[in-house]
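# Survey of secondary and tertiary structure
Now for the letters of each chain:
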Amino acid sequence: PYISGGFVVAWIWFLFPLLWKKIMPMLILAIDALALLTYLYTFRIFGDDSGWFALVAMPVVIAMWALGNGFIFLFKKTKRKPVIIAAVLGAINIMSFVIEICLNMFYLGRLQIPVSVIVTACCVSLMVFFIVLAKSKKLNAWVSRKFFV
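This one's a predicted model, so the numbers in the text were calculated from it and none came from an experiment.

What counts as what
Residues numbered from 1 in each chain as written. Predicted model: local features only at pLDDT ≥ 70, side-chain atom pairs only at ≥ 80, totals over all residues. Heavy atoms only, no water. Core = buried A, V, L, I, M, F, W, Y, C linked by side-chain atoms within 4.5 Å. Buried < 20%, exposed > 50% of the residue type's maximum accessible area, 1.4 Å probe, protein only. Helix = DSSP H or I, 4+ residues; strand = E, 2+ residues; numbered from the N terminus. Contact = heavy atoms within 4.5 Å. Axes fitted to C-alpha atoms, helices over the stretch in contact; angles between N-to-C directions. Parallel < 35°, antiparallel > 145°, perpendicular 65-115°, else oblique. Nonpolar A, V, L, I, M, F, W, Y, C, P; charged D, E, K, R; others polar. Phe/Tyr/Trp six-rings, centres within 6.5 Å; stacked < 30°, edge-to-face > 60°. Expected span 1.5 Å × (residues − 1).

Another point: the nonpolar core. Formed by Val60, Ala63, Leu67, Phe71, Leu74, Ala91, Met95, Val98 and Cys102, the largest nonpolar core amounts to nine residues. For this core, the elements supplying multiple residues, two or more each, are helix H3 (52-77) and helix H4 (81-107). Looking at which element gives the most residues to this core, the answer is H3, with five residues. The contacts of Met95, once residues within four sequence positions are left out, are Val60, Ala63, Met64 and Leu67.

Here you go:
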């Protein structure tokens with residue numbers, strides 16, 4: 001079941017979108033997330049049932065699906081690199097919290113987020129820089145000249 005399920009998921013991820021005439025990214029992303037959750041659920045059925053699916057796998061996949069939809073919406077609205085980089089840093093920050101909360105609740109049984117706070121400090125400072133870079137044409141021109149971007 002693991003190998004055949006992996007082939008089905010690979011087919012859904014790579015070949016299934018090529019069969020459509022009009023590409024609908026949000027629908028494809030939803031189908032991909034459902035395929036991944038179904039595949040991970042087969043590990044729960046045929047493997048151990050220690051609760052990892054509901055506590056770890058499902059929240060992480062749902063968070064990734066939500067962030068993917070946010071990026072699809074963002075890419076329709078803007079093409080500016082500093083804004084996209086700030087959004088990616090925000091997504092890294094959010095996923096850091098989601099993964100750490102899920103893993104700590106599964107393994108320790110309590111809420112503990114010391115690593116995510118450090119990631120947040122780094123991401124927020126970089127996000128502020130890229131948002132200021134997106135707003136200031138003068139700073140953007142200086143960075144472009146200085147770093148050949």
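Don't stop here, the text continues.
It is at 8 Å that the axes of H4 and helix H5 (residues 114-135) come closest, and there the two elements cross at 170°. Taken as axis vectors, H4 and H5 run roughly antiparallel relative to one another. Classifying every residue of the contact of H4 with H5 by side-chain character gives 18 nonpolar, five polar and one charged.

On to the packing of aromatic side chains. Throughout the structure, instances matching the rule amount to 10 aromatic pairs. Between Phe129 and Phe130 the ring centres are 5.2 Å apart and the planes differ by 70°, which places this aromatic pair in the edge-to-face class. Residue classification places Phe129 among the partly exposed residues on the basis of a relative accessible area of 36%. You can call Phe130 buried: its relative accessible area is 17%. Ring centres 6.5 Å apart and planes at 85° place the aromatic pair Trp142 and Phe147 in the edge-to-face group. Of the residues examined, Trp142 reaches a relative accessible area of 41% and is grouped as partly exposed. Through a chain of ring-to-ring contacts, three or more aromatic side chains come together here, namely Tyr2, Tyr39 and Phe43.

What follows concerns the packing of H3 against H4. Running from N to C, H3 and H4 point in directions that differ by 170°, and their axes come no closer than 9 Å. The angle between the axes of H3 and H4 places the two elements in the roughly antiparallel class. Where H3 abuts H4, its residues Trp52, Leu55, Val56, Pro59, Val60, Ala63, Met64, Leu67, Phe71, Leu74 and Phe75 lie against Val83, Ile84, Ala87, Val88, Ala91, Ile94, Met95, Val98, Ile99, Cys102, Leu103 and Phe106. The residue inventory of the contact of H3 with H4, partitioned by class, reads 23 nonpolar, no polar and no charged.

Along its 22 residues, helix H2 (residues 25-46) runs 32 Å from first to last C-alpha, staying within 8% of the 32 Å computed at 1.5 Å per residue. Those residues of H2 not exposed but buried are Ile28, Asp32, Ala33, Ala35, Leu37, Tyr39, Leu40 and Thr42. Looking at the packing, one finds that the buried side of H2 touches helix H1 (2-15) and H3.

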